[in-house]
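Notes for the structure review
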Amino acid sequence: MANKNQIDELKAILLARKESLSANIHNSIDSIDQLKDQDINDELDYADFVSDSFTEGMIANHQLDELKQIEEALKKIKEGTYGICDMCGINIPIGRLKAKPFAKFCTECRTVYEQENLKRAKA
C-alpha cells in the first residue's frame, strides 16, 4: 500500500493532470466552435472541416474519459480507498500507480478486464 507521502505525491500529479486536461478540453471545444464559424466554399473545405472536427472531438472525448478517471481516483483518495484494485481488492503496486495514477485495477486484473472487453467486442 502506498504511504501518505506517496499518496500526496500522486494526488499532486492527479490534480496537475486534471488542470491540464480541463484546459485542453476547453481549447478543443473552442477549436470546434471556430471550425463551425468557418466559411465552407466547396467539397474540399467541407472535407477538411469534417476531418478537423472529428479529430478534435475524438481528442476531447479521450480527454474527458481520462478526466473522469482522475476524478474517481481523487474521490478514492478522499475516501481512503485509493490504491486498492476495484476487481480483487488487493493493493495496487506503487510502481503501477506512479505509471498510471488513476489505475483502477492491479496488473493481473487489468489483463483480465481487457481480455473480457476484447471477447465482448468480438461477440
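Residues numbered from 1 in each chain as written. Predicted model: local features only at pLDDT ≥ 70, side-chain atom pairs only at ≥ 80, totals over all residues. Heavy atoms only, no water.

1. Quick notes on the overall build of the chain
On a plain count of helices and strands, the chain comes out with four helices and zero strands. Seen in sequence order, the chain has helices and strands lined up from the N terminus as α-α-α-α. Relative to the 2.2 N^0.38 estimate, which gives 14 Å for 123 residues, the radius of gyration of the chain is 19 Å and therefore markedly larger than a compact globule would have. Across its three principal axes, the chain shows a C-alpha extent of roughly 60 × 40 × 20 Å. Looking at the chain as a whole, 28% of its 123 residues qualify as buried. The long-range share in the chain, meaning contacts at least 24 apart out of those at least 6 apart in sequence, stands at 56%. Once the 17 positive and 22 negative side-chain charges of the chain are each reduced to a mean point, those two points are 14 Å apart. (Helix = DSSP H or I, 4+ residues; strand = E, 2+ residues; numbered from the N terminus. Rg over C-alpha atoms; globule rule 2.2 N^0.38 Å. Buried < 20%, exposed > 50% of the residue type's maximum accessible area, 1.4 Å probe, protein only. Contact = heavy atoms within 4.5 Å. Lys, Arg positive; Asp, Glu negative; His and termini not counted. Charge placed at Lys NZ, Arg CZ, Asp CG, Glu CD.)

2. Considerations on the nonpolar core
Counting 20 residues, the largest nonpolar core has Leu14, Ile70, Ile77, Tyr82, Cys85 and Leu97 as its most contacted members. For this core, the secondary-structure elements that each account for two or more residues are helix H1 (4-36) and helix H2 (43-79). With residues near it in sequence (within four places) discarded, Leu97 still touches Leu10, Tyr82, Gly83, Ile92 and Ala103. (Core = buried A, V, L, I, M, F, W, Y, C linked by side-chain atoms within 4.5 Å.)

3. Digging into the environment of Glu43
Within the element layout of this structure, Glu43 appears in helix H2. When its relative accessible area of 72% is taken as the criterion, Glu43 is described as exposed. Sequence separation of Glu43 and Glu19 is 24 residues, and the distance between their C-alpha atoms is 38 Å.

4. As for the confidence of the model for the chain
A residue-level look at the chain finds 93% of positions with pLDDT of 70 or above and a mean pLDDT of 89. Mean pLDDT across the elements of the chain ranges from a minimum in H2, with 87, to a maximum in helix H3 (residues 94-99), with 95. (pLDDT = per-residue confidence, 0-100.)

5. Section: the side chain of Gln69
The residue Gln69 is located in helix H2 in this model. Here Asp65 takes part through its side chain, which lies 3.0 Å from a polar atom of the side chain of Gln69. (Polar contact = N/O pair within 3.5 Å; in protein donor to acceptor, adjacent residues only side chain to side chain.)

6. A look at the environment of Asn3
With respect to the helices and strands, the residue Asn3 is situated in the segment before H1. Look at Asn3 and you get partly exposed, because its relative accessible area is 40%. Residues Asn3 and Leu44, 41 residues apart in the sequence, show an inter-C-alpha distance of 56 Å. From its side chain, Asn3 meets the backbone nitrogen of Asn5 in a polar contact 3.1 Å long. A polar contact is formed between the side chain of Asn3 and the backbone nitrogen of Gln6, at a distance of 2.8 Å.

7. Structural notes on the pattern of salt bridges
The final tally for this structure, using the stated rule, is six salt bridges. One salt bridge in this structure joins Lys119 and Glu116, with 3.6 Å as the shortest N-O distance. Remark: Glu116 and Lys119 occur in helix H4 (residues 107-122); sequence separation between them is three residues, near one turn of the helix. Looking at Lys119, the relative accessible area reads 55%, which means it is exposed. Look at Glu116 and you get partly exposed, because its relative accessible area is 33%. (Salt bridge = Lys/Arg side-chain N within 4 Å of Asp/Glu carboxyl O.)

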